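Remarks on the overall topology
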2 protein chains.
Amino acid sequence: MNGFSVVGFNWESSPAATELEIVVMEWLSKLLQLPKSFSFSSDSGGGVMHSTTCEAFVCTLLAAKEKILDPIGRDKAEKLVVYCSDQTHFSFQKSVKIVGINPKNIRHVLTSKSTNFRLTPQSLDEMIKRDVEVGLVPMYLCATVGTTSTTAVDPLGPLSEVASAYNMWVHVDAAYAGSACICPEFRHFLNGVEGASSFSFNAHKWLLTNLACCCLWVKDKFVLTKPLTTNSEYLKNKATDSGHVVDYKDWQISLTRRFQPLKLWMVLRSYGETGLREVIRKHVKMAKDFEELVTLDKRFELIVPRYFSVVCFRVCPYVIGKKYDYDPEANEFNEKLLESVNATGCAYMTHSVVGGVYFIRFAVGATLTEDRHVAMAWELVKNQATSMLYTPTPKL
Amino acid sequence: MNGFSVVGFNWESSPAATELEIVVMEWLSKLLQLPKSFSFSSDSGGGVMHSTTCEAFVCTLLAAKEKILDPIGRDKAEKLVVYCSDQTHFSFQKSVKIVGINPKNIRHVLTSKSTNFRLTPQSLDEMIKRDVEVGLVPMYLCATVGTTSTTAVDPLGPLSEVASAYNMWVHVDAAYAGSACICPEFRHFLNGVEGASSFSFNAHKWLLTNLACCCLWVKDKFVLTKPLTTNSEYLKNKATDSGHVVDYKDWQISLTRRFQPLKLWMVLRSYGETGLREVIRKHVKMAKDFEELVTLDKRFELIVPRYFSVVCFRVCPYVIGKKYDYDPEANEFNEKLLESVNATGCAYMTHSVVGGVYFIRFAVGATLTEDRHVAMAWELVKNQATSMLYTPTPKL
């Protein structure tokens, strides 16, 4: 099910769709133990279902932009600066371009292996200071819980403190890892989210929900909806005029909306919090098992510690007679290994590169994955590596 | 069916989804007799399935913006002007704000009853000239085939001629009425589309397809994708590198995509062009019947001629003893009439206001509507009006 066809642009056009969305977003917010300031039960908080993180970025960027330009004037628009780390998902950069921020003013703060590719408050603060000194205006920070390459977790509390000193909007993108935080043992990864202005995660990634379902909460719905609100004669209606209903068209890019909450409602009602936590825990356990298998084979190494259900690993450079971490031949070897694994058609893994190091990403997340698949995947990797290591390059 | 859950961000992640989308967009383009320049078979044309018109606006506005700013420099961004009519759908204004165009530079060219609320080339040209004289830069024109309030049709050919003299991007928004143009007898409403840069219509409005399905074609896919293209290590793949595949992530706002073409493919295969034309013709015929009933009752009048399946009508001011077209009491009477019709729960109509005149919109478009519903709807309107006209206001 992917959301019934309901023209739910405003409350009146489909009260059930809107009311169910509010209910579902409140349930989810409790499941994630989000601070009350993000809830409809607070003065100005609330949640909305977008399609993708890109949409959440665009809408919160617009809100932040209007909020900051209102008092200082539109002519300062070219001076606005947004911050993220070099590990932030590239859709952030795309969204920044969409809302018309000067592309020169996107700061990708460098991360390093020494901090497991986390964005550090110090390096953020230094970069902001340099920008402020030359007359630029810091506007928005995108922090990530579970980066795409290595599932790194940015320290939300300390980062928000830095950003709040400059009156910036802080968005927390937990697209993938947010789902894990419904388990009490993983909730600590969201510590500090109370300092953020907005938070989003994708239920379609790891919460058994069909594409596309990005859940976004904001602390100030009035700021969010201001740049997105439109009025037109043919949409005038008594419910909107009363001020007592939510018109979700003003919380997103498009006017038209599908009956999205139904699919998430179905998932929540079918599995319940216990069932959903079981799924997450099972996946994490399987990734942990894979991680252990990797560490037991001395030819392999982990690139970063595993937090969730993604294992980042590679064949160590020394195995192919190389000394340095970022040796090009080590990268090439691992690239070929990944290709040969995927070419079997028995498993599909992906890659990334951080700090010049090419590595393989093993991710558990499909509902049908079982222990035996994990064991099989590892056998496959191990055997392909063995055969590559002991097969001499054919001489032509 | 609302599009399977496929993470089709680039070609490689789901070749079938991309290839089917190309096929479906080409079929539709033939059905609409779009010029070859919008087709993948041309040097640079092509089509993509967005969710909503808002998305098509945002993406084409970004393309137009980058195209025009590239040679003259980003510092001219505040001078860019976009044009539409006072009848253009308000999502255009929202989209313009989203991409960071100065809201002061949106020109809503006035239309009037004398031209049936069409945007005239003369008034557009005059407005552009005034802007150019004060140093502003015309960038984008949104022309509409089938406006929301009255289904007015802007003259595409003459408007494109004016716009092309200023090197502007011309987008044709045929959200509702585009579907009708699959019938040869309605295709003339698209005459002149060959002068446009892009064209979109919503298959979810009147082509039996589930929400949300906005079909967009452009003449220059390279200009469209330039501001939307992103690259990242973890998305690198041989198919993209070959340059022979379409990565639809660069044709839209978001990265993630659903398997949208399947639903349109199903509709096209199930109904065929004959079946789809039958549906359109049946709806238009029913609206025409309603229109005839309105004109036979001298107490009522049409606000504009009916082109498609929407009838715009009201009780004439003289019936309640008023002389002027835009009499507030005539407006109030028709507003009450609409409320009383909708309050019966037997039919649902909407309203709009053009040129100060409040009127009722009767729209046929649902698959289950039959002649008897139309007759019943008219009886309802007639009887409610009769009872309102002969019921004295109760004295308290």
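All figures in this text were calculated on a predicted structure; none of them were measured in a lab.

Residues and elements named next belong to chain B. As summarised here, the arrangement of the seven strands in space is S1-S7-S6-S5-S4-S2-S3, forming an open sheet in which the pairing is mixed. Each edge of the sheet is formed by a strand with only one pairing partner; in this case those strands are strand S1 (46-50) and strand S3 (106-109). Taking the axes of each pair of neighbouring strands and ignoring which way they run, one obtains an average angle of 20° across the sheet. Here helix H5 (residues 156-165) sits on the sheet and contacts strand S4 (137-144) and strand S5 (169-173); the angle it forms with S4, its principal contact strand, is near 175°.

All right, on to the pattern of salt bridges then. Under the definition given, this model contains 38 salt bridges over all chains. With a closest N to O distance of 3.0 Å, Asp131(A) and Arg107(A) form a salt bridge. Of this pair, Asp131(A) sits in helix H4 (residues 121-133) while Arg107(A) sits in strand S3 (residues 106-109), placing them 24 residues apart in sequence. On the basis of relative accessible area, Asp131(A) is assigned to the buried category, the value being 6%. Taking relative accessible area as the criterion, Arg107(A) reaches 16% and is therefore assigned buried. The salt bridge involving Asp125(B) is made with Lys129(B); its shortest N-O contact spans 2.8 Å. Of this pair, Asp125(B) and Lys129(B) both sit in helix H4 (residues 121-133), four residues apart, which is roughly one turn of that helix. For Lys129(B), a relative accessible area of 43% translates into the label partly exposed.

Our focus in this paragraph is the interface of chain B and chain A. Taken together, the contact pairs 55 residues of chain B with 55 residues of chain A. The junction of chain B with chain A conceals about 4300 Å² of combined surface from both sides, 57% of it contributed by carbon and sulfur atoms. Applying the counting rule to chain B against chain A returns four salt bridges. The partner of Glu339(A) in a salt bridge is Lys238(B), with the nearest N and O atoms 3.5 Å apart. For the pair chain B and chain A, the interface holds 17 residue pairs in polar contact (both at pLDDT 80 or more). Contributing elements (two or more residues each) for the side of chain B that touches chain A: helix H2 (53-72), helix H3 (91-98) and strand S10 (350-354) of chain B.

Here the focus is the packing of helix H2 (residues 53-72) of chain A against helix H3 (residues 91-98) of chain A. All names here are of chain A. Two elements in contact, H2 and H3, have axes separated by 9 Å at closest approach and are oriented at 40°. The orientation of H2 relative to H3 falls into the category oblique. The two elements H2 and H3 cross, and the hand of that crossing is right-handed. In this structure, H2 contributes Cys-54, Phe-57, Val-58 and Leu-61 to the contact, and H3 contributes Ser-91, Phe-92, Ser-95, Val-96 and Ile-98. Tallied by class, residues from the contact of H2 with H3 come to seven nonpolar, two polar and no charged.

Relating one copy of the chain to the other takes a rotation about an axis and a shift parallel to that axis. Under the fitted operation, chain B is carried onto chain A by 0.0 Å of movement along the axis and a turn of 180°, and the coordinates agree to an RMSD of 0.0 Å. As the rotation angle and translation indicate, the two copies are arranged about a two-fold axis. Looking at the interface residues of chain B, 100% of them are also at the interface in chain A, so both copies use one shared face.

The rules behind these values
Per-chain numbering applies: the sequence of each chain, read as written, is numbered from 1 onward. Ligands are numbered from 1 and chains lettered from A, in the order in which they are written. A pLDDT threshold of at least 70 governs which residues receive local features in this predicted model, and a stricter bar of 80 or more applies before side-chain atom pairs are shown or counted, although totals over entire chains, interfaces and linings include all residues. Note: side-chain values were computed over all heavy atoms of the structure, leaving out hydrogens and water. The pairing criterion for strands is at least two bridges between them, as found by DSSP. Helix numbers and strand numbers start at the N terminus; a helix is a DSSP run of H or I with at least 4 residues, a strand a run of E with at least 2. A fitted line through C-alpha atoms serves as each axis, taken over the contacting stretch for helices, and the angle formed by two N-to-C directions is quoted from 0 to 180°. Between two residues, a contact is recorded if the distance between any of their heavy atoms is within 4.5 Å. The term salt bridge refers to a side-chain nitrogen of Lys or Arg lying within 4 Å of a carboxyl oxygen of Asp or Glu. Remark: exposure states derive from per-residue accessible area (1.4 Å probe, protein chains only) relative to the maximum for the residue type, with buried under 20%, exposed over 50%, and partly exposed in between. Throughout, the accessible surface (probe 1.4 Å) given up by two parts as they are put together, summed over both, is called the buried area. Throughout this description, a polar contact denotes any pair of N or O atoms lying within 3.5 Å of each other; where both atoms belong to protein, one of them has to be capable of donating a hydrogen while the other can accept it, and for residues adjacent in sequence the pair is counted only when both atoms sit in side chains. Oblique is the label for any angle not covered by the other classes, which are roughly parallel (under 35 degrees), roughly antiparallel (over 145) and roughly perpendicular (65 to 115). Rotating anticlockwise by less than a right angle from the far helix to the near helix defines a left-handed crossing, while the corresponding clockwise rotation defines a right-handed one. For this scheme, ten residues count as nonpolar: Ala, Val, Leu, Ile, Met, Phe, Trp, Tyr, Cys and Pro. Four count as charged, namely Asp, Glu, Lys and Arg, and the remainder, Gly too, count as polar. The copies are overlaid by a least-squares fit using only the C-alpha atoms of residues whose pLDDT is at least 70 in both copies.

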